[in-house]
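# Observations on the model geometry
Now for the letters of each chain:
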Amino acid sequence: MEIRNSTVVTEFILLGLTQSPDIQLLVFVLILIFYLIILPGNFLIIFTIRSDPGLSAPLYFFLGNLAFLDASYSFIVAPRMLADFFSEKKVISYRGCITQLFFLHFLGAGEMFLLVVMAFDRYIAICRPLHYSTVMNPRACYALLLALWFGGFVHSIIQVALILRLPFCGRNQLDNFFCDIPQIIKLACTDIFMVELLMVFNSGLLTLLCFLGLLVSYAIILCHVHRSSSEGKSKALSTCTTHIIIIFLMFGPAIFIYTRPFRALPADKVVSFFHTVIFPLMNPVIYTLRNQEVKSSMRRLLSRYVVC
């Protein structure tokens, strides 16, 4: 997509998460620990699911894709943030900022739609078990996966298109540690009221509707599980509880950031930090720790390689 000639600003200065050296050091160590421990764990989840024929059910297929999305998402912000801790002037080019914005919303929306697909999978498995193998066949799973990637792309390209139409001709300081919509549009040298409305509609309203839809879906599933007397009741409750935890971790910060007018609040940076750096790495791990089949498969896989 071509960048408009009215754009004079060629780079943005990131003010960072904090100006305190002590807090910067603490955050640097925290991110590094997460990267060295949890990120390899995400790749281990993907490898385990791919290599174990016993984990071929749609639930594990989507869990593997969640781990891939979250691992990819964590590379958008965190590596640059780590590098910026050693830079006095944190600068990102205009094109680099737009690229970061695109992938942030592309993968973020893709994960949001994936959680919707996983809720649909659990609904069919628990409430319509006799139809599960017919509805959630491999072809349908790949079609749903393609649809969620396409949905993420459309969502993100709309965001980028709206940003590219804005002229930037003066201020270039972003009060954040990465490029995101609320901070970027404030720097435009034009009236941004309509753009703000469109951004809130495309990001905030979409996020809120998906969140409410997921809560209703899991409420229906849990009511069905509560009335059931089957032996798989505890497993269904454990799986659904895990999904609900991830939904709140994913959607809570996103709703806080994108469903209100873009006015800065003191908590914005902290919420964004957990939303873009910490939670994405934790999501698949939380799933795995509560899933006995995946844990058993990982133990077998690790013991096989340790023995070798």
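Attention in this report is confined to the structure presented alongside it. Quick caveat: nothing in here was measured; it's all calculated off a predicted structure.

### What to know about the environment of F62
The residue F62 is located in helix 2 (residues 58-84) in this model. Through-space distance from the C-alpha of F62 to that of Y142 is 9.8 Å; in sequence the pair is 80 residues apart.

### Structural notes on helix 5 (residues 138-164)
Across its 27 residues, helix 5 extends 39 Å between first and last C-alpha, which sits within 8% of the 39 Å expected from 1.5 Å per residue. The opening residue of helix 5, the one whose side-chain oxygen lies 3.0 Å from the backbone nitrogen of R139, is N137.

### Re the packing of helix 3 (residues 94-127) against helix 7 (residues 193-227)
The interhelical angle for the contact between helix 3 and helix 7, taken along N-to-C directions, is 20 degrees, at an axis separation of 10 Å. The angle between the axes of helix 3 and helix 7 places the two elements in the roughly parallel class. Classified by chirality, the crossing of helix 7 by helix 3 is left-handed. Each of H105, M112, F113, L115, V116, M118, A119, R122, Y123, I126 and C127 in helix 3 lies in contact with helix 7, whose residues at this interface are S203, L206, T207, C210, L214, Y218, I220, I221, H224 and V225.

### Considerations on a nonpolar patch on the surface
There is a patch of nonpolar side chains on the surface, built from L25, V29, L32, I33, L36 and I37 and spanning about 570 Å² of accessible area. Among the residues examined, I33 registers a relative accessible area of 44% and is labelled partly exposed.

### Considering the state of the cysteines
Scanning the model with the defined rule gives two disulfides in all. Between C169 and C189 runs a disulfide, and the two sulfur atoms are separated by 1.9 Å. Of the two residues, C169 is situated in the loop between helix 5 and strand 3 (173-174) and C189 in the loop between helix 6 (181-184) and helix 7; the sequence distance between them amounts to 20 residues. Judged by relative accessible area, C189 falls into the partly exposed class, the value being 38%. The connectivity of the disulfides in the chain is 1-3, 2-4, where the numbers refer to bonded cysteines in sequence order. Of all cysteine sulfurs, the one in C240 lies closest to C141, which takes part in no disulfide; the gap is 17 Å. Owing to a relative accessible area of 4%, C141 belongs among the buried residues under this scheme.

### Regarding the side chain of D180
Residue placement: D180 occurs in the loop between strand 3 and helix 6. Those residues within four positions of D180 in sequence are excluded, and the remaining contacts are L101, L104, H105, I257 and Y258.

### Considerations on the sheet that holds strand 3
One open sheet holds the three strands; their spatial order is 2-1-3, and the pairing between them is mixed. Of all strands in the sheet, those bounded by a partner on one side alone are strand 2 (91-93) and strand 3. In the packing of helix 3 onto the sheet, the strands contacted are strand 1 (11-14), strand 2 and strand 3, and the crossing angle to strand 2 comes to about 85 degrees.

Definitions and cut-offs
- Residues numbered from 1 in each chain as written.
- Predicted model: local features only at pLDDT ≥ 70, side-chain atom pairs only at ≥ 80, totals over all residues.
- Heavy atoms only, no water.
- Helix = DSSP H or I, 4+ residues; strand = E, 2+ residues; numbered from the N terminus.
- Expected span 1.5 Å × (residues − 1).
- Polar contact = N/O pair within 3.5 Å; in protein donor to acceptor, adjacent residues only side chain to side chain.
- Axes fitted to C-alpha atoms, helices over the stretch in contact; angles between N-to-C directions.
- Parallel < 35°, antiparallel > 145°, perpendicular 65-115°, else oblique.
- Left-handed = near helix turned anticlockwise from the far one by under 90°.
- Contact = heavy atoms within 4.5 Å.
- Patch = residues over 30% accessible without salt bridge, like charges linked within 9 Å, V, L, I, M, F, W, Y side chains within 5 Å.
- Areas by Shrake-Rupley, 256 points an atom, 1.4 Å probe, with all protein chains shown as cover.
- Salt bridge = Lys/Arg side-chain N within 4 Å of Asp/Glu carboxyl O.
- Buried < 20%, exposed > 50% of the residue type's maximum accessible area, 1.4 Å probe, protein only.
- Disulfide = S-S within 2.5 Å.
- Pairing = 2+ DSSP bridges.

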